[in-house]
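Structural overview for review
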Amino acid sequence: MITNVVGKRIQRIGIQQKVTGKTKFAADLDIPGALTLRVYRSPVAHGIVRKIDTKKAEAIEGVVRIFTAKDIPGKNLYGIINRDQTVLADSKVRFIGDPIALIAAENEKSAEQALKALEIEIEELPAVFDPLEALKPDAPRIHEKGNLLFTRKIKRGDVEKGFSASDIILEETYETNMLEHAYIEPESGIAYREKEGRITILVTTQNPHADQAQLAAILGIGPENVRVIQTETGGGFGGKLDMSVQPFLALAAYYLDRPVRMTYSREESFQATAKRHPLKIRMKTGATREGKLMAVNAEIIADTGAYGSYGIAVATRAAVHATGPYEVPNVAIESKAVYTNNNWSGAMRGFGVPQIAVAHESQMDKLADSLGLDPISIRMANAFKVGSVTPTGQTLRASVGIRETLKKIRPYYEKFSREIQETQHPLPQGVKLGVGVASMWYGIGNTGHPNPSSAQVEIDETGKITLLTGAADIGQGSDTVLLQIAAEVLGVGTEEILLVRADTGLTTDAGATSASRQTYISGRAVYEAATKAKEALLKKAAEIFNAPSSLIVCDGGYFYPQYREYQKIPFGEVAKRAVQADGVIRGEGTFNPETSSLDPETGQGIPYTTYAFATQVSLVRVDSVTGQVSVIRAASAHDVGKAVNPSNVEGQIFSGVAMGIGMGLFEQFFPNKTKSFDTYLIPTALDVPEVTPIIVEDPEPTGPFGAKGVGEPALIPTAPAILNAIHQATGRWVNRLPADLETIRGLVPPEEK
Amino acid sequence: MEEAELGNEIVEISMQVNGVSVVLRTPANRTLLSILREDLRLTGAKEGCGIGECGACTVLMNGKAVNACMVLAPKADGARITTIEGLGDEARLHPLQEAFVKHGAVQCGFCTPGMILSAKALLDENPNPTRLEIREGISGNLCRCTGYQQIVDAIEEVAARKQGEES
Ligand code: FES
Ligand code: FES
């Protein structure tokens, strides 16, 4: 397919404003007379709020009002999948940081004083911080229905038979780290009541329509009375899917005749928002002498902390992806999400898949090591292809690019290996080099649930084109990609289309910016909308040219009959005539990829229509004396179906490798201890190597121009590739993240250093 | 309470901000960042942490990159301050801004103003840095989105261009 706009390195929409400092994030918005909001948060991990006395705090000059649970007009319960979280505690607090009271004040200082003057008594309850402990019958009960939030099972074939037919069986346990998203923009928003009574919230978010629905329920009003406008969002990575400041802003704006604003400090952002679920994984893998996988049995425990958030999705995704992108005839997986009194865990780039990839990719290398195979060959021997059946019983019909990513990575694997041989000798004592490979697969969109998107393309009598989408661009670049898709369909440049995005007052629901779904799902909705608008114009052009519309070409901003380009009429002229005859053109597009719910006992079903695939190789330097591991080079090959904007895709790959280095080597969030970037280190430019991004395009027939997604896949293979490289360097396996200084120092016995 | 009042005495400071003289009276414990953002409405400098760890608030003070969240008002007295707003605008982008656009070195853009100003300070001091020196020069500016590579590419291109001009 020849394309003019799709596949091109189009400049990111709004980048000029971003480099000149003109872009307004929520905290940059000027809103005269706004009150400041602050939240009193629980100092204990588990307890019952016995008394809240606000009198002294209310008497402080500048304090306008203090809200508690009893002020919530609607349901004091929210959550993105299962609703179990209170806006302000009505009786129980379940982690250090649970909100109890909300202060609205004229200024920061008064709010600060009021926080100190609040008299709150909490009866402390025994708390539990380990999910295995939390599952014991006598464990403190965090939620009424018990500490087990959810179990996902996947059963296919007969694992016992699979293991008996195996020549080698490996059983290992893995543990992954609790992580913070650490987007550089802390949560922020403003809110006010419009004259007609509607509550309007401008906020940094990945999920405007879900915010709107949840806020309406909290306020006990119809969703039409709440308008959520996404402000420019300074990164999200899943952490801005759950609400943060939204309910506080909405509640205060509901009661007060003043605009309100709220911005989390970094410390509050760390304390009060979701984390990546730490997973405990036991995985048993059986294979033949030739390295053919025969059976995988796994048990997964995800610590979802105090609240469910996306815990159910994380447990499910970890289970669905537990084998890796490989054919395995016999599978038995059980995955649980468990409540504890830790910070709540939610969505973070990959929803459990980056964690489970650590297990399945370590298993692959351990098998290869025992069987004397190279890491690429063992993966190639098992990798999915068209016609393969997944553990949920789904037959993969198209766009299975895993083998191509392995092929593309092989030369880099060989090159890095040669580099090691050439540089092995002059290294300082204790320093070793290693190369590691890891692959991944990732289902695009919600798991086994409908996840529709919608979009509109409008064309007025002047020929002005407007694309309306509810999709929140959080920096990843969906605005640009969606405009490219619309422009390609309409045969115009992206600069000729006006974009209206992520405003519940103006746009319809596109679903969340999560699960790497916007390019694929919203992109397809935009494709449909633009196609319908184009059809209306083609009809008019056909009339004008007196030719069948199937023979009309729409390209380069003109319409003309095939082979008669000299007759071309400008796009705007055709639009004008069409609108004069039939009114404003409005193309409606929707797309909801085919999924089916997973059977509760066997997990059989169609979790996603399509999957992204990737393979990465890293060259790593391990200093067993200092414990320092550095990634020196990396190459990462991603099957994205079609790269709508190759620069954006590469940007995601660089980004994913960087985040994966943090996950693999040093990031770890300790509840109630980690408060700043001083102790929560994220990769700097010095921690990240030069990365070679490789784009593989195995088109997905249901995607717009064949596109799938890449946002989360970019991260997933990184940490396991590093662990495998550490093994190659040291001969030791690391089964627990992060592979930090201490771990590495303890890895190699002194006599080998 | 008394503690909170400490350093609260009003001071008069004068600065050159983006070439414009500014004189203001402010409590001595306020930061340059809050003065820029709140009093002068120059919101290009961002607050990502408020304690000198992220670099989102980077501005140039007498040509050197500083974290504006760590500079108290009296320290800025008499200083020349350049914020991202003073570097260039859409009609006349600074070469670094142009290169960031060209290389797609921006995702969410929250770190971008600080990143560009750190890059400027680096190139002013070392017009011909290696890629590693570029990485060192921006290592105080955290970016969670880009993985830094396109940023390094952009800065390297400007350095190479400068060098071309000189030779
Ligand atoms: S806001 Fe100043 S360094 Fe983070
Ligand atoms: S572009 Fe988002 S933090 Fe750098």
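Residues numbered from 1 in each chain as written. Chains lettered and ligands numbered in written order. Predicted model: local features only at pLDDT ≥ 70, side-chain atom pairs only at ≥ 80, totals over all residues. Heavy atoms only, no water.

So, about the overall build of chain A. Looking only at helices and strands, chain A features 18 helices and 28 strands. Its C-alpha atoms give chain A a radius of gyration of 27 Å, within 12% of the compact-globule value 27 Å for 753 residues. Once the C-alpha set of chain A is aligned to its principal axes, its extents read approximately 80 × 80 × 50 Å. Scored against the burial criterion, the 753 residues of chain A give a buried share of 64%. For chain A, the share of sequence-separated contacts (at least 6 apart) that also reach a separation of at least 24 residues comes to 80%. If you sum the accessible surface of chain A, you get close to 25,900 Å²; carbon and sulfur atoms cover 50% of it. Charge-centre separation for chain A: the mean point of 80 positive side chains lies 1 Å from the mean point of 87 negative side chains. (Helix = DSSP H or I, 4+ residues; strand = E, 2+ residues; numbered from the N terminus. Rg over C-alpha atoms; globule rule 2.2 N^0.38 Å. Buried < 20%, exposed > 50% of the residue type's maximum accessible area, 1.4 Å probe, protein only. Contact = heavy atoms within 4.5 Å. Areas by Shrake-Rupley, 256 points an atom, 1.4 Å probe, with all protein chains shown as cover. Lys, Arg positive; Asp, Glu negative; His and termini not counted. Charge placed at Lys NZ, Arg CZ, Asp CG, Glu CD.)

Let us now look at the overall build of chain B. Looking only at helices and strands, chain B features six helices and five strands. Scaling as 2.2 N^0.38, a compact globule of 167 residues should have a C-alpha radius of gyration of about 15 Å, and chain B matches this with 17 Å. Looking at chain B residue by residue over its 167 residues, the buried ones come to 55%. Carbon together with sulfur atoms contributes 50% to the accessible area of chain B, which is approximately 7,100 Å² in total. Here chain B contributes 16 positively and 23 negatively charged side chains, and the mean placements of these two sets differ by 4 Å.

The next point concerns the sheet that holds strand β14 (residues 279–287) of chain A. Residues and elements named next belong to chain A. Spatially, the five strands line up as an open sheet ordered β7-β16-β15-β14-β8, and their pairing is mixed. Each edge of the open sheet is held by one strand with a lone partner, namely β7 (148–156) and β8 (168–175). On average, each strand axis in the sheet is tilted by 5 degrees relative to the strand beside it, whichever way the strands run. Note: β8 against β14, eight bridges, orientation antiparallel. (Pairing = 2+ DSSP bridges. Axes fitted to C-alpha atoms, helices over the stretch in contact; angles between N-to-C directions.)

Moving on, we get to a nonpolar patch on the surface. All names here are of chain A. A cluster of nonpolar side chains, namely L132, L135 and L148, defines an oily patch on the protein surface of about 220 Å² accessible area. If you trace the backbone, L148 turns up in strand β7. With relative accessibility at 36%, the residue L148 sits in the partly exposed group. (Patch = residues over 30% accessible without salt bridge, like charges linked within 9 Å, V, L, I, M, F, W, Y side chains within 5 Å. Salt bridge = Lys/Arg side-chain N within 4 Å of Asp/Glu carboxyl O.)

Here a ring pair, both rings aromatic, is described through the centre-centre distance and the interplanar angle of the planes. All names here are of chain A. Enumeration according to the criterion identifies 16 aromatic pairs over all chains in this entry. When the centroid spacing of 5.4 Å and the interplanar angle of 80 degrees are considered together, the rings of Y608 and Y611 count as edge-to-face. Here the two residues Y608 and Y611 agree in accessibility, since each one is buried. Sitting over the ring of Y255, R65 keeps its end group 4.5 Å from the ring centre. The residue whose ring lies beneath K568 is Y558, and the NZ or CZ to ring-centre distance is 4.4 Å. (Phe/Tyr/Trp six-rings, centres within 6.5 Å; stacked < 30°, edge-to-face > 60°. Lys NZ or Arg CZ within 6 Å of the ring centre and 35° of its normal.)

To continue, consider the pairing of strand β18 (residues 431–443) of chain A. Residues and elements named next belong to chain A. The element β18 is largely enclosed, with a buried count of twelve among its 13 residues. Two strands pair when backbone bridges link them, and β18 and strand β26 (residues 611–623) are joined in this way by 13 bridges, in the antiparallel orientation. Bridged to G436 within β26 is S618.

The next thing to look at is the nonpolar core. Counting 135 residues, the largest nonpolar core has I333(A), F677(A), I726(A), F100(B) and I155(B) as the members making the most contacts within it. Per element, the largest residue contribution to this core is nine residues, and it comes from helix α16 (residues 646–665) of chain A. The next biggest cluster of nonpolar side chains, apart from the first, holds 62 residues, and it includes Y310(A), A357(A), Y442(A) and F559(A). (Core = buried A, V, L, I, M, F, W, Y, C linked by side-chain atoms within 4.5 Å.)

Here the focus is unusual backbone geometry. Leave glycine aside and you will find that most residues have negative phi; peptide bonds, for their part, are mostly trans. Across the junction of L737(A) and P738(A), the peptide omega takes the value -5 degrees, indicating a cis bond. Among the secondary structure elements, P738(A) is positioned in the loop between α17 (718–730) and α18 (741–747). The residue N18(B) is not glycine, and still its phi comes out positive at about 50 degrees. For N18(B), the location among the structural elements is in the loop between β1 (10–17) and β2 (20–27). Looking at N18(B), the relative accessible area reads 25%, which means it is partly exposed.

Across the boundary between the two partners, chain B contributes 47 residues, which contact 57 residues of chain A. Where chain B abuts chain A, roughly 4,000 Å² becomes buried across the two surfaces, and 56% of that area is made up of carbon and sulfur atoms. The interface formed by chain B and chain A includes seven salt bridges. The interface formed by chain B and chain A holds 28 residue pairs in polar contact (both at pLDDT 80 or more) in total. It is helix α5 (residues 131–137) of chain B that provides the largest number of residues to the side of chain B that touches chain A, a total of four residues. Split into classes, the residues belonging to the side of chain B that touches chain A amount to 20 nonpolar, 14 polar and 13 charged. (Buried area = accessible area lost by both parts, 1.4 Å probe. Polar contact = N/O pair within 3.5 Å; in protein donor to acceptor, adjacent residues only side chain to side chain. Nonpolar A, V, L, I, M, F, W, Y, C, P; charged D, E, K, R; others polar.)

Residue and element names in this part refer to chain A. Direction vectors running N to C along α16 and α17 enclose 55 degrees, while the axes themselves pass 7 Å from each other. Judged by the angle between their axes, α16 and α17 are oblique. The handedness of the crossing between α16 and α17 comes out as right-handed. Residues G656, V657, G660, I661, M663, G664 and L665 of α16 pack against T718, A719, I722 and I726 of α17. (Parallel < 35°, antiparallel > 145°, perpendicular 65-115°, else oblique. Left-handed = near helix turned anticlockwise from the far one by under 90°.)

Bringing the side chain of D71(A) into the picture now. Residue and element names in this part refer to chain A. Assignment of secondary structure puts D71 in the loop between β3 (63–67) and β4 (92–93). A polar atom in the side chain of D71 sits 3.3 Å from the side chain of R65. Leave out the neighbours within four places in its chain, and D71 touches R65, I66, L251 and Y255.

A word on the side chain of T447(A). With respect to the helices and strands, the residue T447(A) is situated in the loop between β18 and β19 (453–459). In this structure the side chain of T447(A) is engaged in a polar contact, spanning 2.7 Å, whose partner is the side chain of Y608(A).

All names here are of chain A. Within the fold, A210 resides in helix α6 (residues 208–219). Using a relative accessible area of 23% as the deciding quantity, one classes A210 as partly exposed. Each C-alpha atom of the pair A210 and E712 lies 21 Å from the other, and the pair is 502 residues apart in sequence.

Residues and elements named next belong to chain B. By the assigned domains, chain B splits into domain 1 (3–86) and domain 2 (95–166). For domain 1 and domain 2, the distance between their C-alpha centres works out to 23 Å. Facing 17 residues of domain 1, the contacting portion of domain 2 comprises 13 residues. Where domain 1 abuts domain 2, roughly 1,100 Å² becomes buried across the two surfaces, and 66% of that area is made up of carbon and sulfur atoms. A per-residue breakdown of the area domain 1 buries against domain 2 is headed by T58, L60 and I84, which together make up 41% of the total. Applying the counting rule to domain 1 against domain 2 returns zero salt bridges. (Domains from an automatic or database assignment.)

Right, let's get into the domain arrangement of chain A. All names here are of chain A. In terms of domains, chain A is made up of domain 1 (15–21 + 452–591), domain 2 (31–125 + 182–271) and domain 3 (275–387 + 400–446 + 598–752). Between the C-alpha centres of domain 1 and domain 2 the distance comes to 38 Å. Contact with domain 1, which involves 20 residues of that partner, is made by 20 residues of domain 2. Taken over both partners, the interface formed by domain 1 and domain 2 buries close to 1,300 Å², and the fraction arising from carbon and sulfur atoms is 48%. Looking at the side of domain 1 facing domain 2, the largest losses of area belong to I474, R501 and T504, adding up to 42% of the total buried there.

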